[in-house]
Amino acid sequence: MDVRLWGTRGSIPSPGPETIRYGGNTSCVGVTLSDGSLLALDAGTGIRNLGLSLPDEPTRLHILLTHLHLDHIQGLVFFAPAFRAQTEIVIWGPASPEASLRDRIGRYISAPLSPVEVRELPCDVSFRHCPETEWEIGSARIHAASVAHRGPTLGYRIEDGGNSLAYIPDHEPALGADLDALEEDWISGFALARDASLLIHDGQYADREYPEHVGWGHSSLSHALSFARRTGAERTVLFHHDPLHTDEQLDELGEEAKQAWTELGGEAENIELGVEGAGYELPARVPSATATG
Amino acid sequence: MSQRPLELILARNLMSALSTPAFLVDEGGLLVFYNDAAGLLLGKRFEELGTVGADEWGALFGPFDSEGEPIPYDELPLVVAVRNGRPAHATFAIRSTDGTSHEVEVSAFPILTAHGSQGAIAVFWPAATNGTGS
């Protein structure tokens with residue numbers, strides 16, 4: 001499983017000289033499964049560059065949306081493969097009692113917000129509500145679960161080749177809860193992230209900023225680290241950077257994260273801030289021969 | 001591993017911050033949490049008691065009707081709420097661990113989600129005395 005970060009920013013794109021290293025594009029992670037299947041986790045503005053990186057040939061891909069806030073869907077109408085007739089796109093997302101996934105996304109991909117309508121997209125596009133149970137895409141098993149954020153929001157766990165990727169970019173598990181004291185099954189998102197090979201998790205706020213943003217649906221640095229520690233994730237990438245955070249400020253936050261992580265008993269190289277363009281290769285793990293017993 | 005539904009997690013988080021006694025049951029009617037205010041009423045914190053079944057709960061705390069008779073489990077507002085998906089209200093007495101009886105009014109409502117009923121919440125109030133009106 002290969003993982004690449006195409007957009008690490010939260011809330012709104014924030015291009016400029018102050019954000020050039022960590023990137024200004026909003027949430028999008030590309031995943032290539034061991035059988036070659038392609039996934040895009042969220043469709044923020046980062047998905048535009050993901051689309052440009054794909055060859056102009058028949059393609060089938062799955063877009064897994066955590067939720068429909070604009071910073072997670074804004075790139076859909078600038079995703080080049082969507083404008084090719086030979087592309088098949090399956091868009092997965094959270095169900096809502098209010099309207100279908102297609103209709104809710106259609107509010108963005110329609111006038112006056114968009115020059116094109118969903119029905120005008122040349123590609124073969126379909127919309128599916130994520131099931132409550134696990135399902136398969138290519139060589140992976142996918143598990144989606146509701147997590148603490150504003151509005152219907154999912155996190156994902158993708159298991160492939162003996163590895164697991166947990167993707168929970170918008171998450172406030174510590175809202176009204178003490179993550180260090182709660183039982184595991186009472187922690188939002190715990191089952192998704194448990195012992196994950198790679199956890200990509202909300203780390204939008206510095207601790208000093210969080211009190212002004214309680215209930216906004218995002219984590220402070222300390223909360224993100226507590227969640228990572230409790231779940232036992234092997235490696236954690238902090239994601240969904242605040243648009244006001246410059247590269248310099250994110251460098252400081254990254255150092256703070258490494259120090260706090262080592263104080264929690266972890267290894268500094270297993271915690272980092274997401275950088276646009278960064279890639280993570282998760283080589284297939286061969287099951288132990290002793291397990292055949 | 002199994003994970004509590006998010007709606008129950010958020011309900012517990014909210015209840016933890018309330019000073020009104022509140023109880024939470026899962027979709028099967030099993031008591032899975034009560035807050036510190038409820039713990040003060042009962043004389044035992046949830047962390048001390050843990051999850052208990054209906055029989056043990058009844059033996060410890062009741063509840064009892066105005067004649068002092070135990071109220072059947074199936075008639076409790078929380079159980080009615082979670083099974084019928086409807087709000088329920090009742091007045092009864094519960095007994096704390098020191099033997100003190102407390103008359104309370106109980107309002108329970110189900111936690112309905114896109115995936116059906118996930119449980120119910122009950123909030124306890126000191127029973128209103130006659131003539132208070134509100």
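Residues numbered from 1 in each chain as written. Chains lettered and ligands numbered in written order. Predicted model: local features only at pLDDT ≥ 70, side-chain atom pairs only at ≥ 80, totals over all residues.

S.K.: What should I look at first to understand the overall build of chain B in this one?
M.R.: Assigned secondary structure in chain B consists of five helices and five strands. Starting at the N terminus and walking to the C terminus, you meet the elements of chain B as α-β-β-α-α-α-α-β-β-β. The C-alpha atoms of chain B give a radius of gyration of 14 Å, which matches the 14 Å a tight globule of 134 residues would have. With the C-alpha coordinates of chain B rotated into their principal frame, the extents come out at 45 × 30 × 30 Å. Across the 134 residues in chain B, those meeting the buried criterion constitute 33%. (Helix = DSSP H or I, 4+ residues; strand = E, 2+ residues; numbered from the N terminus. Rg over C-alpha atoms; globule rule 2.2 N^0.38 Å. Buried ≥ 20, exposed ≤ 12 C-beta atoms within 10 Å, placed from the backbone.)

S.K.: For this particular structure, what's the right way to read the packing of helix H4 (residues 221-231) of chain A against helix H5 (residues 247-263) of chain A?
M.R.: Relative orientation and spacing of two packed helices are given, respectively, by the angle between their axes and the distance between those axes. Residues and elements named next belong to chain A. Closest axis-to-axis distance for the H4/H5 pair is 11 Å, and the angle between their directions is 40°. When the axis of H4 is compared with that of H5, the two are oblique. In this structure, the crossing between H4 and H5 has a hand that is right-handed. Across from Leu 221, Ser 222 and Leu 225 in H4, the residues of H5 making contact are Leu 253, Glu 256, Ala 257, Ala 260 and Trp 261. A per-class count over the contact of H4 with H5 returns six nonpolar, one polar and one charged. (Axes fitted to C-alpha atoms, helices over the stretch in contact; angles between N-to-C directions. Parallel < 35°, antiparallel > 145°, perpendicular 65-115°, else oblique. Left-handed = near helix turned anticlockwise from the far one by under 90°. Contact = placed C-beta atoms within 7 Å. Nonpolar A, V, L, I, M, F, W, Y, C, P; charged D, E, K, R; others polar.)

S.K.: Please explain the sheet that holds strand S14 (residues 279-281) of chain A as it appears in this structure.
M.R.: To summarise the sheet geometry, strands pair through backbone hydrogen bonds and adopt either a parallel or an antiparallel arrangement. Residue and element names in this part refer to chain A. A sheet is described by the order of its strands in space; here seven strands give the open sequence S6-S5-S4-S3-S2-S1-S14, paired in mixed fashion. Two strands bound the open sheet, and with one partner strand each, they are strand S6 (124-129) and S14. Averaged over neighbouring strand pairs, the angle between their axes works out to 20° when direction is ignored. Across four bridges, strand S2 (residues 28-32) lies against strand S3 (residues 38-41) in antiparallel orientation. Each bridged residue has a counterpart across the sheet, and for Gly 30 the counterpart in S3 is Ala 40. Its contacts with the sheet place helix H1 (residues 46-53) against strand S1 (2-7), S2 and S3, and it is angled at close to 130° to S1. (Pairing = 2+ DSSP bridges.)

S.K.: Would you explain helix H5 (residues 77-84) of chain B in this entry?
M.R.: Buried within H5 of chain B we find Pro 77, Leu 78, Val 80, Ala 81 and Val 82 of chain B. Within two residues after H5 of chain B, Gly 85 of chain B carries a phi angle of roughly 65°, on the positive side.

S.K.: Is there a simple way to think about the interface of chain B and chain A in this case?
M.R.: The extent of an interface is frequently quoted as the accessible surface area lost upon association of the parts. On the side of chain A, 16 residues touch chain B, which itself brings 14 residues to the contact. Here the residues of the side of chain B that touches chain A sort into seven nonpolar, five polar and two charged.

S.K.: I'm lost on the sheet that holds strand S2 (residues 31-34) of chain B in this one. Help?
M.R.: Residues and elements named next belong to chain B. Spatially, five strands are ordered S2-S1-S5-S4-S3 in an open sheet, and the strand pairing comes out antiparallel. What marks the edges here is a single partner per strand, and that holds for S2 and strand S3 (88-95). Recorded for the sheet is a direction-independent mean angle of 25° between the axes of neighbouring strands. Here three bridges tie strand S1 (residues 22-26) to S2, and the two strands are oriented antiparallel to one another.

S.K.: For this particular structure, what's the right way to read the environment of Arg 104 of chain A?
M.R.: Positionally, Arg 104 of chain A belongs in helix H2 (residues 101-106). In contact with Arg 104 of chain A, not counting residues within four places along its chain, are Leu 68, Ser 96 and Ala 99 of chain A.

S.K.: I tried to follow the confidence of the model for chain B on my own but got confused; where do I start?
M.R.: Low pLDDT marks regions whose predicted coordinates should not be analysed in detail. Residues with a pLDDT of 70 or more make up 95% of chain B, whose mean pLDDT is 88. Both confidence scores are given for the complex: pTM 0.90, ipTM 0.79. (pLDDT = per-residue confidence, 0-100.)

S.K.: I keep staring at the pairing of strand S4 (residues 101-113) of chain B and nothing clicks. Help me out?
M.R.: Side-chain positions along a regular strand alternate between the two faces of the sheet. Residues and elements named next belong to chain B. Across eight bridges, the pairing between S3 and S4 is antiparallel. Residue pairing for S4: Ala 93 is matched across the bridge by Glu 103. What sits between the antiparallel neighbours S3 and S4 is a turn of five residues, in which Gly 99 has the positive phi angle 90°. With 10 bridges connecting them, S4 and strand S5 (residues 116-126) associate as antiparallel partners. For Glu 105, the partnering residue across the bridge sits in S5 and is Trp 125. Count of turn residues in the S4/S5 antiparallel hairpin: two residues.

S.K.: Help me out: how do you make sense of the nonpolar core in this one?
M.R.: Burial of nonpolar side chains together is a common tendency in soluble globular proteins. Ranked by size, the top nonpolar core spans 106 residues in total, and within it Ala 166 of chain A together with Leu 24 and Ala 122 of chain B carry the most contacts. Ignoring anything within four residues of it in the chain, the contact list for Leu 24 of chain B reads Leu 8, Ala 11, Arg 12, Met 15, Val 32, Phe 33, Tyr 34, Gly 119 and Ile 121 of chain B. (Core = buried A, V, L, I, M, F, W, Y, C linked by C-beta atoms within 7 Å.)

S.K.: What is the right way to read unusual backbone geometry from this model?
M.R.: Trans peptide bonds make up the majority, and among non-glycine residues the majority have a negative phi. In this structure, Pro 112 of chain A follows Ala 111 of chain A across a cis peptide bond, with omega equal to 0°. Tracing the chain through its elements places Pro 112 of chain A in the loop between H2 and S6. Look at the link from Gly 62 of chain B to Pro 63 of chain B: it is a cis peptide, with omega at 5°. In this structure, Pro 63 of chain B sits in the loop between helix H4 (54-61) and H5. Backbone geometry at Ser 11 of chain A places phi at a positive 75°, although glycine is not the residue there.

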